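# Per-entry structural report
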Amino acid sequence: MSSPRVRTVVLGLVLAAGLTAPVPASAASSGAAAPSPTVEERRLDRAVPQEILRRSGFGRPAAAFARSLDRARSYAEARRTVLREGSALWRRAVDRAQGRGPAGGDLSRDDDRPLYWARLAMTRQVRTWDPEFGLTGPQRARLLDALERTSRGQADLRHPRGKGVKRVLVTGFDPFTLDRDIRISNPSGAAALALDGTVIETADGPARVETAVFPVRWRDFTDGTVERALRARLPEADLFATVSQGRVGRFDIERTNGAWRGGFPDNDDVARTEPVPVADPGSAPQWTTTTLPYREITAADTGRFPVYDNTAVTEIPAGGGEPVVRPDGPTPGSTARAGGGGDYLSNEIAYRATLLRDRLGLRRTLPGGHVHTPVLQFGAGNTTEVTDPEFVRNRLAIVAHVRAIVTVALEAAQRTED
């Protein structure tokens, strides 16, 4: 691959989406300055996000959330509202993607973007909320954290207990590079919505898939969002795959992940060039490796896109010097500058998840690693419309391909156990 009273400006956003949400009197009368929306949240004011919300029906949950939040008379009530509505947003997005309930509009059900923009509308409401009972900075941060975790499926990861059903964990990402093209969708996020709670039938029996979506923000990764979501879940899993959008026209199984951030700006327009910050950095390796059965995955017919075993990395050789590309993986004693998945948050989630796997003592028993999908492309000549038939076909094909890769990986892992 390669964030009582709601401020008038926030509810103006809802009204701009064609919804009817009254501005609370308390908001209109407040003269206190509220915290400013983030760079990511300010993109909501543009026409494309408003069209996506309107054409999916996902503007309505944000408007209802604003009204519920305004009725809270204490921090405890606000927290209950956030937990309830955040979880409901995730379930609504999963249900829509999997064909349950009303579509809410003419935007295709497989689209991951309604969830992304509706979540930002809700985080913006919490961030700019100015309740009469008073809200401290730490309390606001906890509300935002609860909203992020519940609306991303991270608080909803539940694997079946007992024998007979394999347990699979798949993660995706939000859209990114939105200032380049605000219409962008992320097929890894679409795959997460399509697969959550589904059962894959393999030659060795059923497997239940649980999914979550992660933000494209350096700060959240620094704060340990990956480890917090996955630490208790990996020991229960039989296989995991972190998934993100990668290169044009191909899937990649990334063999090696590097402990380096390359500085590309995130969704809040923040850049970081530094070692990946993890707990106990003195014991953290420069490189981690996949334990997915990459040979079997790349040999199988999993869809119309080619799937590669990507072994290349960029390193500073032992002893120093300039970074060099190594097509066959890192050399002993080298320092990471890019894993197979690059030096952005795709590489970082792969590094963090596989490092966590190893630190939990699961390296020999838990197949897991990173899958890069093809870039999701619009139809030829479409430079302005938010969707088109080819765009939808490409996303559906990528999602089906991810499912097939997981199936092959499960069956290969089972044969290894036998």
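Located above this text is the structure these notes cover.
Quick caveat: nothing in here was measured; it's all calculated off a predicted structure.

## Brief notes about the sheet that holds strand β13 (residues 335-338)
Spatially, three strands are ordered β12-β11-β13 in an open sheet, and the strand pairing comes out antiparallel. Edge positions in the sheet fall to β12 (324-326) and β13, since each of these pairs with one other strand and no more. Taking each pair of neighbouring strands and ignoring which way they run, the sheet shows an average axis angle of 45 degrees. Relative to β12, strand β11 (residues 313-316) runs antiparallel, the two being bridged by three bridges. Within β12, the position partnered with E315 by the bridge is V324.

## Things to note about helix α7 (residues 113-127)
The end-to-end C-alpha separation of α7 is 21 Å, in line with the 21 Å expected for 15 residues at 1.5 Å each. Of all 15 residues that make up α7, 15 are buried, and the element is covered over most of its length.

## Brief notes about the nonpolar core
Generally speaking, a soluble globular protein has its nonpolar side chains buried in company with each other. F65, V82, W117, V126, W129, L143 and L193 are the most contacted members of the largest nonpolar core, which totals 39 residues. Counting residues per element, the ones that place at least two in this core are α4 (47-56), α5 (59-71), α6 (75-97), α7, α8 (137-151) and α9 (187-195). Counting 30 residues, the second largest nonpolar core, distinct from the first, contains V209, I253, F305 and V402.

## Some remarks on the side chain of H370
Within the secondary structure, H370 sits in strand β14 (residues 368-373). There is a polar contact of 2.7 Å between the side chain of H370 and the side chain of T242. At a separation of 2.7 Å, a polar atom in the side chain of H370 contacts the side chain of S244. Residues within four places of H370 in sequence aside, it is in contact with T242, V243, S244, D252, I253, E254, T290, L292, S346, I349 and A350.

## Re the packing of aromatic side chains
With the rule as written, the count across this model stands at nine aromatic pairs. With centroids separated by 5.4 Å and ring planes inclined at 75 degrees, the aromatic side chains of W218 and Y344 adopt a geometry described as edge-to-face. On the criterion of sequence distance, the pair formed by W218 in helix α10 (residues 218-222) and Y344 in the loop between β13 and α13 (345-359) is long-range, its members being 126 residues apart. The exposure classification of W218 matches that of Y344, with both residues buried. Taken together, the aromatic side chains of F176, W218, F264 and Y344 make up a single cluster linked through ring pairs.

## Quick look at the pairing of strand β2 (residues 199-202)
The alternating pattern of β2 places I200 and T202 on a buried face and V199 and E201 on a face that is not buried. Strand direction decides the pairing type here: β2 and strand β3 (residues 205-214), joined by four bridges, are antiparallel. Across the sheet, the residue bridging to V199 is R208, located in β3. Hairpin connection from β2 to β3: two residues lie between these consecutive antiparallel strands.

## Side note on the packing of α6 against α8
Running from amino to carboxyl end, α6 crosses α8 at an angle of 20 degrees, the nearest separation of the two axes being 7 Å. Taken together, the axes of α6 and α8 are roughly parallel relative to one another. In this structure, the crossing between α6 and α8 has a hand that is right-handed. Contact residues: α6 offers Y75, A78, R79, V82, L83, G86, S87, L89 and W90, while α8 offers Q139, R142, L143, A146, L147, T150 and S151.

## Quick look at the sheet that holds strand β1 (residues 166-173)
Reading across the sheet, the seven strands line up as β2-β3-β1-β4-β14-β5-β10 and stay open at both edges, with mixed pairing between neighbours. Because the sheet does not close on itself, it has two edges, and the strands there are β2 and β10 (307-310). Across this sheet, the average inter-strand angle for adjacent strands is 25 degrees, counted without regard to direction. In this structure, β1 lies alongside strand β4 (residues 239-245), joined through four bridges in parallel fashion. The residue of β4 that forms the bridge with L169 is F240. Contacting β1, β2, β3, β4, β5 (251-254), β10 and β14, helix α14 (residues 389-417) crosses the sheet at an angle of about 50 degrees to β2.

Calculation rules
Residues numbered from 1 in each chain as written. Predicted model: local features only at pLDDT ≥ 70, side-chain atom pairs only at ≥ 80, totals over all residues. Heavy atoms only, no water. Pairing = 2+ DSSP bridges. Helix = DSSP H or I, 4+ residues; strand = E, 2+ residues; numbered from the N terminus. Axes fitted to C-alpha atoms, helices over the stretch in contact; angles between N-to-C directions. Expected span 1.5 Å × (residues − 1). Buried < 20%, exposed > 50% of the residue type's maximum accessible area, 1.4 Å probe, protein only. Core = buried A, V, L, I, M, F, W, Y, C linked by side-chain atoms within 4.5 Å. Polar contact = N/O pair within 3.5 Å; in protein donor to acceptor, adjacent residues only side chain to side chain. Contact = heavy atoms within 4.5 Å. Phe/Tyr/Trp six-rings, centres within 6.5 Å; stacked < 30°, edge-to-face > 60°. Parallel < 35°, antiparallel > 145°, perpendicular 65-115°, else oblique. Left-handed = near helix turned anticlockwise from the far one by under 90°.

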